[in-house]
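# Structural characterization, general
Below, each chain spelled out in residue letters.
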Amino acid sequence: MSSVGSASKGEREHYDWIIVGSGFGGSVSALRLAQKGYSVLVLEQGRRFRDEDFARSNWNLRRWLWLPWLGCRGILRLTFFRHMTVLSGVGVGGGSLVYANTLPTPSDSFFESSSWSGLADWKSELAPHYETALRMLGAAEVPFSTPADEALAAVAADLGLADQHHPARVGVWFGEPGVTVPDPYLGGEGPPRTGCIRCGACMVGCRHGAKNSLPHNYLHLAEKLGVRVQADTRVTAVKQAKARERVTLETRVRRWGGFFSTRSYSADRVVMAGGVLGTLPLLLSMAGREQGLPQVSDQLGRSVRTNCESLTGVQTFRRGVDHSKGVAIGSILHLDKGTHLETVRYPSGSGFFRLGMAPHGRGRNLFARCRDIVGKVARHPVRWLRAYTVLDWARSTVILLYMKSHPETLTLKLGRLGSLRSRSNDGPGPTADMPQADDLGERMAEKLDGDVGTLVTQTLLGKPTTAHILGGCAMGASSAEGVIDSSHRLFGHPEILVIDGSAVSANPGVNPSLTITALAERAMGLVPEANA
């Protein structure tokens, strides 16, 4: 291995590579760079969680939500923009701690999108890396069905799409429920795994050792090879005056008792892997500054995408049915090559989102949606009263995640106070008005004897909610077209690579975790051995 980070008094600690963020892109990079013989430091602003540290339900806000100024240092961050609400992950393991385990491969339209198809034959280049990612993440089809999956199958049959409804492919060890076995994935080098007990807590944090999150595979192996993962550390600056110079990073480290200290590091190369909401504000704050990153492309922050999503909840009044049991996403319906519907759940006792739910109102403007909501409540006041007073919201609620490939993009820029602000580009921006999603929600409500609700931000304000914000550091043939090249190197600063959701340069239309992992595997394959 190359020289491990060290520093004498008054000097910065130096590494061959420093990785900012520990999600899918950062964890893959950490392992592959260590295998090539480099010294590697991973900096993560969130905390490190053991399995037993996760919340039991999403009412435990201190362990579930990321609101550090309120003492909440959990795994889920809610970010509100003018055009959308974003859900993202925080902690050692990044989004893998809170994501719904699903590992789908996008359709051909993703690889052939004009936004990046001219740079490579992406389908053929990424194919072997998808296979590696599936193996490393322990992908398997869900081996059981739940009442929600059966209802979705019935909707599929009504639409003539019975053959397009399938169990989800997820990163979960099913094995024998509750039984712990030696590492079944990584040749005995990984941690023990425990068979899924179908508690539905995947998105609150798996306390039972069944979810194949990054601390159980990529990060686990990376740390065994000597990678240093430093939690509770927020990077505040990344500086490189010109190409081929060392990169300097300034950080703010949380200490015991809630106190903070500052610390600086240097590296020959850096991987930015903090996700869109981590990487973009940091790069934007440094862009164009002589004491920052003066050569960054002015395309930075453009071409930000979502999966054009709609989140709705169907609350059923049938007794004796527990919709909280299963995995977070059990099945998927492919409506066409670019449109999908999934059933989603939270564990029993998790009713936090009920606080922000309202009857789903249909219509293209606020007046039409409000009129629809008032009409629904007036026609069935008792049903809606029951919906808001049910004891266990998760047991009686099926969440529907609708995703559609769409060319819509936004621009994210820094506001006056240093926080990100969204701006619509030419053409349609994100919208909560999705008639097909509305129709599917009502069909599911009919099958489940329930009513459809959505988040207030979606039904009243018309802002969609997404867990899949992508782009902002798009690939291009030059700095006039993109922020990074097809090898993920930052134009103007090629010693800095961007390997996370912000580098995804087209709309996959499905959950993007597998694709980010595959892109990271490809990018790391282009890095030479340390002593080459």
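Before going into details, it helps to say that this report is about the structure given with it. (Residues numbered from 1 in each chain as written. Predicted model: local features only at pLDDT ≥ 70, side-chain atom pairs only at ≥ 80, totals over all residues. Heavy atoms only, no water.)

### Observations regarding the overall build of the chain
For the record, the criterion: Comment: elements are numbered from the N terminus, with helices defined as DSSP H or I runs of at least four residues and strands as E runs of at least two. Our radius of gyration is a C-alpha quantity, and the globule rule it is checked against amounts to 2.2 Å times the number of residues to the power 0.38. Any residue under 20% of the maximum accessible area for its type is buried, any over 50% is exposed, and the rest in between are partly exposed; the area is computed with a 1.4 Å probe on protein chains only. By the convention used here, residues are in contact when the closest approach between their heavy atoms is within 4.5 Å. For accessible areas, the Shrake-Rupley method is used with a probe of radius 1.4 Å. Any residue's cover is judged against the shown protein chains and nothing else. Charged-residue counts in this description rest on Lys and Arg as positive and Asp and Glu as negative, His and the chain ends being excluded. For this purpose, a charge sits on NZ of Lys, CZ of Arg, CG of Asp or CD of Glu.
Along its length, the chain carries 12 helices and 28 strands. Here the C-alpha radius of gyration of the chain, 23 Å, is about what a compact globule of 532 residues would show, namely 24 Å. For the chain, the C-alpha atoms occupy an extent of roughly 70 × 55 × 50 Å along the three principal directions. Across the 532 residues of the chain, 58% fall into the buried class. Sequence separation of 24 or more characterises 72% of the internal contacts of the chain that already satisfy a separation of 6 or more. Summing over all exposed atoms, the chain offers an accessible surface of approximately 21,300 Å²; the carbon and sulfur share of this is 52%. Averaging the positions of the 60 positive and the 48 negative side-chain charges in the chain gives two centres separated by 7 Å.

### Focus on the environment of Gly-349
Residue placement: Gly-349 occurs in the loop between β19 (339-344) and β20 (357-359). Between the C-alpha atoms of Gly-349 and Ser-324, which are 25 residues apart in sequence, the distance is 8.8 Å.

### Here we look at the pattern of salt bridges
Where we set the bar: Just to be clear on terms, a salt bridge is a Lys or Arg side-chain nitrogen sitting within 4 Å of an Asp or Glu carboxyl oxygen.
For the structure shown, the criterion picks out 17 salt bridges. Here Asp-53 ties to Arg-50 by a salt bridge, and the two come within 2.9 Å at their closest N and O atoms. With relative accessibility at 8%, the residue Asp-53 sits in the buried group. On the basis of relative accessible area, Arg-50 is assigned to the exposed category, the value being 52%. One connected set of salt bridges, linked through shared partners, spans Glu-13, Arg-228 and Arg-263.

### A word on the pairing of strand β21 (residues 397-404)
For clarity, the threshold we go by: One bridge is not enough; two strands pair if DSSP finds at least two bridges between them.
Within β21, 7 of the 8 residues are buried, which leaves it mostly tucked inside the rest of the structure. Looking at chain direction, strand β17 (residues 310-316) and β21 are connected through 6 bridges and run antiparallel. Its bridge partner being in β21, Ser-310 is matched across the sheet by Tyr-402.

### Observations regarding the packing of aromatic side chains
One pair of aromatic rings is described through two measures. These are the centre distance and the angle between the planes. Stated precisely, the cut-off is as follows: Whether two aromatic rings pair depends on their centres lying within 6.5 Å, for rings of Phe, Tyr and Trp, where Trp uses its six-membered ring; planes under 30 degrees apart make the pair stacked, over 60 edge-to-face, and the rest tilted. When the NZ atom of lysine or the CZ atom of arginine is within 6 Å of a ring's centre and also within 35 degrees of its normal, the charge is said to sit over that ring.
Using the criterion set out here, one finds 15 aromatic pairs in the structure. Taking 5.1 Å as the distance between ring centres and 50° as the angle between the ring planes, the aromatic pair formed by Phe-110 and Trp-116 counts as tilted. Given a relative accessible area of 0%, Phe-110 falls into the buried group. Given a relative accessible area of 1%, Trp-116 falls into the buried group. In textbook terms, an aromatic cluster arises when at least three aromatic residues are bridged by ring pairs, as seen for Trp-59, Trp-64, Tyr-346, Phe-352 and Phe-353. Lying across the ring of Phe-49, Arg-47 places its NZ or CZ 4.2 Å from the centre.

### Notes on helix α8 (residues 366-379)
What counts, and what does not: Helices are assigned an expected span. That span is 1.5 Å times one less than the residue count. As used here, the arc belongs to the directions running from the helix axis to the C-beta atoms.
With 14 residues, α8 should cover 20 Å at 1.5 Å per step; its first-to-last C-alpha distance of 20 Å lies within 8% of that length. Along α8, the residues that are buried comprise Ala-368, Arg-369, Ile-373, Gly-375 and Lys-376. The buried residues of α8 occupy one face: seen down the axis, they fall within an arc of 165°. In α8, those exposed residues whose orientation departs by more than 90 degrees from the buried face are Phe-367, Arg-371, Val-374 and Ala-378. In the core, the buried residues of α8 are packed alongside β20, α9 (381-389) and α11 (456-459).

### What about helix α7 (residues 276-286)?
Where burial is concerned, most of α7 is hidden: 9 out of the 11 residues are buried. The complete set of buried residues in α7 reads Val-276, Leu-277, Thr-279, Leu-280, Pro-281, Leu-282, Leu-283, Leu-284 and Met-286. The positive-phi residue at the C-terminal boundary of α7 is Gly-288, with phi of around 75°.

### Thoughts on the sheet that holds β21
Put simply, the rule reads: A fitted line through C-alpha atoms represents every axis, and for helices the fit uses only the stretch in contact; the resulting angles, taken between N-to-C directions, go from 0 to 180 degrees.
The strand order β8-β18-β19-β21-β17-β24-β20 describes an open sheet built from 7 strands, whose pairing is antiparallel. Whereas interior strands pair on both sides, the edge strands pair on one side only; in this sheet they are β8 (165-167) and β20. Strand after strand, the sheet turns through a mean of 30° between neighbouring axes, direction not considered. Two strands pair when backbone bridges link them, and strand β18 (residues 329-336) and β19 are joined in this way by 5 bridges, in the antiparallel orientation. Looking across to β19, one finds that His-334 is bridged to His-340.

### Some remarks on the sheet that holds strand β5 (residues 76-80)
The strand order across the open sheet formed by 3 strands is β5-β6-β25, and the pairing between neighbours is mixed. Each edge of the sheet is formed by a strand with only one pairing partner; in this case those strands are β5 and β25 (465-466). Where strand β6 (residues 85-89) lies against β25, 2 bridges are found, and the strand directions are parallel. Looking at β25, one finds that Val-86 is bridged to Thr-466.

### Quick word on the packing of helix α5 (residues 147-158) against helix α10 (residues 435-448)
Under the convention used in this document: With respect to orientation, any angle under 35 degrees is reported as roughly parallel, any angle over 145 as roughly antiparallel, any angle of 65 to 115 as roughly perpendicular, and every other angle as oblique. Left-handed describes a crossing whose near helix is turned anticlockwise from the far helix by less than a right angle; the clockwise case is right-handed. The nonpolar class holds Ala, Val, Leu, Ile, Met, Phe, Trp, Tyr, Cys and Pro. Asp, Glu, Lys and Arg form the charged class, and all remaining residues, Gly among them, are polar.
For the pair α5 and α10, interaxial distance at closest approach is 9 Å and the crossing angle is 120°. With respect to each other, α5 and α10 are oriented oblique. By crossing handedness, the relation of α5 to α10 is classed as right-handed. Between α5 and α10, the contacting residues are Pro-147, Ala-148, Ala-151, Leu-152, Ala-154, Val-155 and Asp-158 on the first element and Leu-440, Arg-443, Met-444, Lys-447 and Leu-448 on the second. Residue composition of the contact of α5 with α10, by class: 9 nonpolar, no polar and 3 charged.

### So, the packing of helix α1 (residues 24-35) against helix α12 (residues 513-525)
Remark: α1 packs on α12, axes separated minimally by 8 Å, with the N-to-C direction vectors making an angle of 30°. Viewed along their axes, α1 and α12 adopt a mutual orientation that is roughly parallel. Crossing hand, α1 versus α12: right-handed. Counted together, Phe-24, Gly-25, Val-28, Ser-29, Arg-32 and Leu-33 of α1 and Ser-513, Ile-516, Thr-517, Ala-520, Glu-521 and Met-524 of α12 form the full contact between these two elements. Broken down by class, the residue content of the contact of α1 with α12 amounts to 6 nonpolar, 4 polar and 2 charged.

### A look at the environment of Gly-482
Note that Gly-482 resides in the loop between β26 (470-471) and β27 (489-490). By relative accessible area, Gly-482 is classed as buried at 1%. Sequence separation between Gly-482 and Leu-137 is 345 residues, and the spatial gap between their C-alpha atoms is 30 Å. Discounting chain neighbours no more than four positions away, the residues touching Gly-482 are Ser-297, Gln-299, Ala-474, Met-475, Gly-476 and Phe-491.

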